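# Descriptive analysis of the structure
Each chain, letter by letter, is given below.
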Amino acid sequence: MIPNAFDYVRPTTLQGAVAALAQHGEAARPMAGGHSLLPMMKLRLAGPDVLIDINALSELHGVAIGPDEVTIGAATTHATLEHHAALAQALPLMPLVAHQIADTTVRNRGTLGGSLAHADPSADWPAAMLALDARIDVTGVAGSRSIAAADFFEGLFTTALQPGELIVAVRIPVQHGVRTAYRKFRHPASGYAVVGVAVVLRFERGTCCGGQIAVTGLADRAFRAKGAELLLAGFTGQADRIERLLHLAFADVTPLADRFADAEYRLQLGRTMLRRALTDALG
Ligand code: FAD
């Protein structure tokens, strides 16, 4: 339970952090809340020689609400997102998801960017990012780029981030006329989502005209249930439509299985969480 020896640096500029990452290459890891990285180091699943603490980078903190887009710094904690009144107005799904992450201690330290970079298949934020069509802005010595959430999660603990790249911010479009919901079945020990489902329903003149359904915990990465999304236009909660939605949502998914939840149980939890999230979103 004791990590390998490592050096610790705490740059105060984004440029300094990027330079430090480039200088140390694969031997360095950025650290945000440390809530996943430090346990991995203690278990010797990760052994960086240099930890680059990114918490002093002011560019990585805070929430900016624009008319069309919300920008969230990567090192913004879950707790900040849980309690941000203006964010709750612009994107009600964000505090709803933040509130369901683990407990107060984890929410006070864990960060949005850390969660996305870690890409735990049971983390809550990836589902929200997919449902909200977020973009993830990253920077490194080779320059900056923006990655659609849909292209970011590549597999179990694997993302589109290149070595030395840092997530700087997440940008989320503000959609008007939407109703959102998030339902998860919590793992009783960790609080992680055994399965979590985020739903965004788009309304025009009181009628649902489509939306996004995103799922975490069920497979090796969060995903959009695109087959089911095709049935959202005209959705009013009709029982037969819900059954078809539930049938299509996970048709081509290979479910994860572990000691807590085997594949069939996980699928059933997915259907139940989806049904509840749809009902919540309809109000
Ligand atoms: P760190 O641990 O600092 O970093 C994690 C990884 O991301 C590392 O590889 C690090 O190098 C990299 N990284 C960090 N920031 C950046 C960046 N800006 N750019 C590039 N790479 C970066 N999560 C949930 O979603 N739901 C839960 O219910 C939940 N329960 C938890 C319960 C416990 C007991 C614990 C310890 C954690 C739990 N978590 C849960 C995870 C927690 O929410 C953290 O968000 C998550 O561990 C990662 O965030 P962090 O800021 O701590 O990242």
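Everything numeric here is computed off the predicted structure, so don't read it as measured data. (Residues numbered from 1 in each chain as written. Predicted model: local features only at pLDDT ≥ 70, side-chain atom pairs only at ≥ 80, totals over all residues. Heavy atoms only, no water.)

### As for the overall build of the protein
Looking only at helices and strands, the protein has twelve helices and 14 strands in total. On C-alpha atoms alone, the protein measures out to a radius of gyration of 19 Å, which is about the 19 Å that the 2.2 N^0.38 rule sets for 283 residues. If you line up the protein on its principal axes, its C-alpha atoms span 60 × 45 × 35 Å. Per-residue burial over the protein gives 50% buried out of 283 residues. A separation of at least 24 residues holds for 60% of the contacts in the protein among residues at least 6 apart in sequence. (Helix = DSSP H or I, 4+ residues; strand = E, 2+ residues; numbered from the N terminus. Rg over C-alpha atoms; globule rule 2.2 N^0.38 Å. Buried < 20%, exposed > 50% of the residue type's maximum accessible area, 1.4 Å probe, protein only. Contact = heavy atoms within 4.5 Å.)

### A short note on unusual backbone geometry
One non-glycine residue with positive phi stands out, namely R44, at about 60°. Relative to the helices and strands, R44 resides in the loop between α2 (37–42) and β3 (50–53). Positive phi, normally seen in glycine, also occurs at A102, with a value near 40°.

### Remarks on the side chain of T139
Among the secondary structure elements, T139 is positioned in strand β6 (residues 135–140). By relative accessible area, T139 is classed as buried at 11%. Here the side chain of T139 touches S144 through a polar contact of 2.8 Å, side chain to side chain. Those residues within four positions of T139 in sequence are excluded, and the remaining contacts are L14, V18, S144, G164, E165, L166 and V168. (Polar contact = N/O pair within 3.5 Å; in protein donor to acceptor, adjacent residues only side chain to side chain.)

### Remarks on the domain arrangement of the protein
It is common to give the size of an interface as the accessible area that goes away when the parts come together. Under the domain assignment, the protein is made up of domain 1 (7–53), domain 2 (58–173) and domain 3 (178–282). For domain 1 versus domain 3, the separation of C-alpha centres amounts to 35 Å. (Domains from an automatic or database assignment.)

### Some thoughts on the sheet that holds strand β7 (residues 143–148)
Taken in spatial order, the five strands line up as β4-β5-β10-β6-β7 in an open sheet, and their pairing is antiparallel. Only two strands of the sheet have a single neighbouring strand rather than two, namely β4 (63–65) and β7. Within this sheet the neighbouring strands show an average axis-to-axis angle of 20°, counted without direction. Strands in contact with helix α1 (residues 14–24) are β6 and β10 (166–173); relative to β10, the strand with the most contacts, it is inclined by about 125°. (Pairing = 2+ DSSP bridges. Axes fitted to C-alpha atoms, helices over the stretch in contact; angles between N-to-C directions.)

### Examining the site of the ligand
Around the ligand, a shell composed of 31 residues is seen, among which P30, G34, S36, T111 and D124 lie nearest. The separation between an oxygen atom of the ligand and a polar side-chain atom of R29 is 3.0 Å. Note that an oxygen atom of the ligand is positioned 2.8 Å from one of the side-chain N or O atoms of H78. Within the complex, the protein chains bury 91% of what would otherwise be the 960 Å² of accessible surface of the ligand. Breaking the shell around the ligand down by element, the ones donating at least two residues are β2 (28–31), α7 (112–118) and β10. In terms of residues, the shell around the ligand owes the most to one element, α7, which gives four residues. Along the lines of polarity and charge, the residues of the shell around the ligand split into 15 nonpolar, twelve polar and four charged. (Near = heavy atom within 4 Å. Areas by Shrake-Rupley, 256 points an atom, 1.4 Å probe, with all protein chains shown as cover. Nonpolar A, V, L, I, M, F, W, Y, C, P; charged D, E, K, R; others polar.)

### A word on the sheet that holds strand β13 (residues 207–216)
Backbone hydrogen bonds hold the strands of a sheet together, and the pairing may be parallel or antiparallel. Strands sit in the order β11-β12-β13-β14 across an open sheet of four strands; the sheet is antiparallel. Strand pairing shows two members of the sheet lacking a second neighbour, β11 (178–186) and β14 (223–224), which therefore form its edges. Where helix α12 (residues 263–282) meets the sheet, its contacts fall on β11, β12 (193–204) and β13, and the angle it forms with β12 comes to roughly 30°.

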